[in-house]
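One letter stands for each residue in the lines below.
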Amino acid sequence: MAGPVRDGGLQPLDRELNRECREFAETLRELFLELGISVRRYATRCYLNPGTLSRYLSGSRIAPWQFVEELLHHLDEDCGTRLDPSALDRLRRRHQAALRTAASIGRAVQQLEGQLQAADREARRAGAREEQLDQALDDTRQTIADLDARLVRLESRPLLPAPPAPADRVPPPGRAEPSGCDGPPGCDGPPAPSDATAPPDRSTLLAERDALAREVDRLAEELARARDRAACAETRCDLFERQLALVEQQQGLADVRAPAVRPLEEGLPPKVLLVDDRPDNLMVLEAVLGLHGHRLVRAESGPDALRALLEPDDFAVILLDVQMPGMDGYETAAHIKRRARTRDIPIIFVTAIGTDPDHSMRGYAAGAVDFIPKPVDPWALRAKVAVHVELHRERRRHATLPAPTRHVPPPAHAHAGAGTPAGTRVPKAGAPSAR
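It should be emphasised that the depicted structure is a prediction, and the values quoted were computed from it without experimental measurement. (Residues numbered from 1 in each chain as written. Predicted model: local features only at pLDDT ≥ 70, side-chain atom pairs only at ≥ 80, totals over all residues. Heavy atoms only, no water.)

S.K.: Please explain the nonpolar core as it appears in this structure.
M.R.: Proteins that are soluble and globular tend to have nonpolar side chains buried together. Residues L28, Y42, L53 and F67 are the most contacted members of the largest nonpolar core, which totals 29 residues. Every element with two or more residues in this core is listed here: α1 (19–33), α2 (39–45), α3 (50–58), α4 (65–79) and α5 (85–101). Aside from chain neighbours lying at most four places away, what touches L28 is Y56, L57, A63, F67, V68 and L71. Core analysis: the next-biggest nonpolar cluster, separate from the first, contains 23 residues, V297, M327, F349 and F371 among them. (Core = buried A, V, L, I, M, F, W, Y, C linked by side-chain atoms within 4.5 Å. Buried < 20%, exposed > 50% of the residue type's maximum accessible area, 1.4 Å probe, protein only. Helix = DSSP H or I, 4+ residues; strand = E, 2+ residues; numbered from the N terminus. Contact = heavy atoms within 4.5 Å.)

As structure tokens, this is what we get:
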């Protein structure tokens with residue numbers, strides 16, 4: 001192994017750490033320093049932001065256990081260092097103690113980071129698929145261009161007459177003149193070329209070109225879908241990063257502080273629609289969000305939610321329960337997305353059935369932009385709603401800005417006809433005027 005890096009670019013330990021968080025952070029730093037590489041280099045290997053890795057190693061953020069397992073795997077792979085079961089159990093207990101004694105915000109950060117990692121994986125997969133399809137589309141179009149060139153050459157090729165048979169050639173006595181035919185006696189003319197050597201005719205090339213054109217259409221449609229998936233995943237990454245930044249700004253706060261009052265010219269705060277068939281769940285959502293200046297609108301079913309959305313606009317986000325009797329969350333979301341006036345309202349699914357890839361893909365297909373599992377984490381819920389409310393305010397401010405004025409010069413004939421009596425013909429430029 002290469003000589004250890006002195007500090008690997010580590011930041012000092014957070015001074016505000018309690019004993020449990022400090023012990024876990026110190027253990028994590030010792031394991032990291034055994035790799036002998038810098039923070040930035042290891043962050044690149046783990047697809048992490050260097051700042052995020054620095055916060056893990058300084059203790060200001062509790063690293064998820066998935067990251068700890070990945071670090072242990074790299075230590076075993078690069079350095080041959082493997083923890084015995086007792087040391088691994090001790091490390092796990094320290095991690096759990098750090099999570100337990102840290103503020104609830106630590107669990108919210110861990111949840112948001114897991115969502116960010118999933119969105120990043122989806123963005124990378126969709127991006128790789130996009131590159132493959134783009135290359136296949138280019139290759140297919142090039143093949144079509146080559147076929148077009150062959151068709152042009154085939155159509156422009158002149159028809160040459162068959163060469164005449166030599167008249168002075170006399171077969172020797174007792175031998176018949178070879179007919180040049182490999183068939184039965186009486187066959188005339190040269191042997192016909194076999195299918196393996198015969199050049200394709202025009203109909204064959206046209207059929208091949210039609211098949212390739214259909215393949216181009218299919219690849220173009222799949223490429224458009226891959227680009228949409230990549231764009232949606234990138235949007236989710238941006239949302240989760242903004243949510244993480246908001247949670248980190250609140251790190252260390254012991255109480256829930258209400259946001260500063262917005263200027264009066266912004267009008268009433270945006271509305272947040274809460275949809276759940278259980279009143280106790282609605283009370284939890286209202287208790288978490290009620291102190292933050294949002295206008296909360298509750299609905300206890302899918303049809304109630306659709307009726308609430310018939311009111312004047314200004315809904316910033318919809319928190320929608322997935323499992324509801326009758327019209328469930330997926331069906332409700334589909335109805336919301338079919339309406340022109342509501343299709344752009346972001347939907348966050350609140351679900352107790354997990355956020356595994358199958359449920360996530362179904363939710364995203366139904367129009368959701370985000371998920372939050374039950375029981376809801378208050379810090380994560382507040383961060384998600386706050387980000388969407390701020391985005392809504394930004395769109396509202398942008399919509400109220402006056403449109404930029406642009407001077408449009410009048411058409412040339414307007415200048416030419418100015419001051420000219422009606423019916424008078426204006427001479428063209430360069431034409432001699434009548435005297």
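S.K.: Quick question: what am I supposed to make of the pairing of strand β1 (residues 271–275) here?
M.R.: The side chains of a regular strand alternate, residue by residue, between the two faces of the sheet. Within β1, five of the five residues are buried, which leaves the element mostly enclosed by the surrounding structure. Of the two faces of β1, the one holding K271, L273 and V275 and the one holding V272 and L274 are both buried throughout. Across five bridges, the pairing between β1 and strand β2 (residues 295–299) is parallel. What sits directly across from L273, in β2, is V297. For the crossover from β1 across helix α8 (residues 279–289) to β2, the handedness is right-handed. Examined bridge by bridge, β1 and strand β3 (residues 315–321) share five bridges and lie parallel to one another. Residue pairing in the sheet places L273 in a bridge with I318 of β3. (Pairing = 2+ DSSP bridges. Right-handed = clockwise from strand over helix to strand, strands pointing away.)

S.K.: Explain the sheet that holds β2 to me, please; I cannot follow it from the model alone.
M.R.: Through backbone hydrogen bonds, the strands of a sheet pair up, either in parallel or in antiparallel fashion. Here we have five strands laid out as an open sheet, ordered β2-β1-β3-β4-β5, and parallel in their pairing. Two strands in the sheet have a free side with no partner beyond their single neighbour: β2 and β5 (370–373). For this sheet, the mean angle separating the axes of adjacent strands, direction not counted, is 20 degrees. Bridge count between strand β4 (residues 347–351) and β5: four bridges; the pairing is parallel. Looking at the pairing, I348 lines up with D370 of β5. Taken strand by strand, α8 contacts β1, β2 and β3, and its axis lies near 175 degrees from that of β2. (Axes fitted to C-alpha atoms, helices over the stretch in contact; angles between N-to-C directions.)

S.K.: What am I meant to see in the packing of α1 against α4 here?
M.R.: Each pair of packed helices gets described by two things: the angle between the helix axes and the distance between those axes. Their axes nearest at 10 Å, the elements α1 and α4 cross at an angle of 30 degrees. In terms of axis orientation, α1 runs roughly parallel to α4. α4 is crossed by α1, and the crossing has left-handed handedness. Residues F24, L28, L31 and F32 of α1 lie in contact with α4, whose contacting residues are F67, V68, L71, L72 and L75. Considering only residue class, the contact of α1 with α4 consists of nine nonpolar, no polar and no charged. (Parallel < 35°, antiparallel > 145°, perpendicular 65-115°, else oblique. Left-handed = near helix turned anticlockwise from the far one by under 90°. Nonpolar A, V, L, I, M, F, W, Y, C, P; charged D, E, K, R; others polar.)

S.K.: Help me understand the pattern of salt bridges, please; the structure alone is not making it clear to me.
M.R.: If charged atoms from side chains of opposite charge come close, those side chains can pair. Tallied over the full model, the rule gives 25 salt bridges. The closest approach of N and O atoms between R45 and D78, which form a salt bridge, is 2.7 Å. Residue R45 is located in helix α2, and its partner D78 is located in helix α4; the two are separated by 33 residues in the primary sequence. By relative accessible area, which is 30% here, R45 ends up partly exposed. Residue classification places D78 among the partly exposed residues on the basis of a relative accessible area of 39%. Via salt bridges that share partners, R129, E215, R218 and E222 belong to a single interconnected network. (Salt bridge = Lys/Arg side-chain N within 4 Å of Asp/Glu carboxyl O.)

S.K.: Help me out: how do you make sense of a negative patch on the surface in this one?
M.R.: Together, E131, D134, D138 and D139 give the surface a local cluster of negative charge. For D134, the position within the fold is in helix α6 (residues 105–156). (Patch = residues over 30% accessible without salt bridge, like charges linked within 9 Å, V, L, I, M, F, W, Y side chains within 5 Å. Areas by Shrake-Rupley, 256 points an atom, 1.4 Å probe, with all protein chains shown as cover. Lys, Arg positive; Asp, Glu negative; His and termini not counted. Charge placed at Lys NZ, Arg CZ, Asp CG, Glu CD.)

S.K.: Explanation requested: the packing of aromatic side chains in the structure shown.
M.R.: Each aromatic ring pair is specified by the distance between its two centres and by the angle formed by the two planes. Applying the stated rule across the entire model yields six aromatic pairs. A centroid spacing of 6.4 Å and a plane angle of 70 degrees characterise the contact between Y42 and F67, whose relative ring orientation is edge-to-face. Taken together, the positions of Y42 in helix α2 and F67 in helix α4 put the pair 25 residues apart, joining distant regions of the chain. On the basis of relative accessibility, which here comes to 4%, the residue F67 falls in the buried class. Linked through ring pairs, F32, Y42, Y56 and F67 together constitute an aromatic cluster. The ring centre of Y47 lies 4.3 Å from the NZ or CZ of R124, which sits over that ring. Positioned above the aromatic ring of W379 is the side chain of R382, whose terminal nitrogen or guanidinium carbon lies 4.9 Å from the ring centre. (Phe/Tyr/Trp six-rings, centres within 6.5 Å; stacked < 30°, edge-to-face > 60°. Lys NZ or Arg CZ within 6 Å of the ring centre and 35° of its normal.)

S.K.: How should the environment of D210 be read in this particular structure?
M.R.: Secondary-structure assignment places D210 in helix α7 (residues 202–249). Looking at D210, the relative accessible area reads 42%, which means it is partly exposed. Distance in space between the C-alpha atoms of D210 and I144 is 9.0 Å, their sequence separation being 66 residues.

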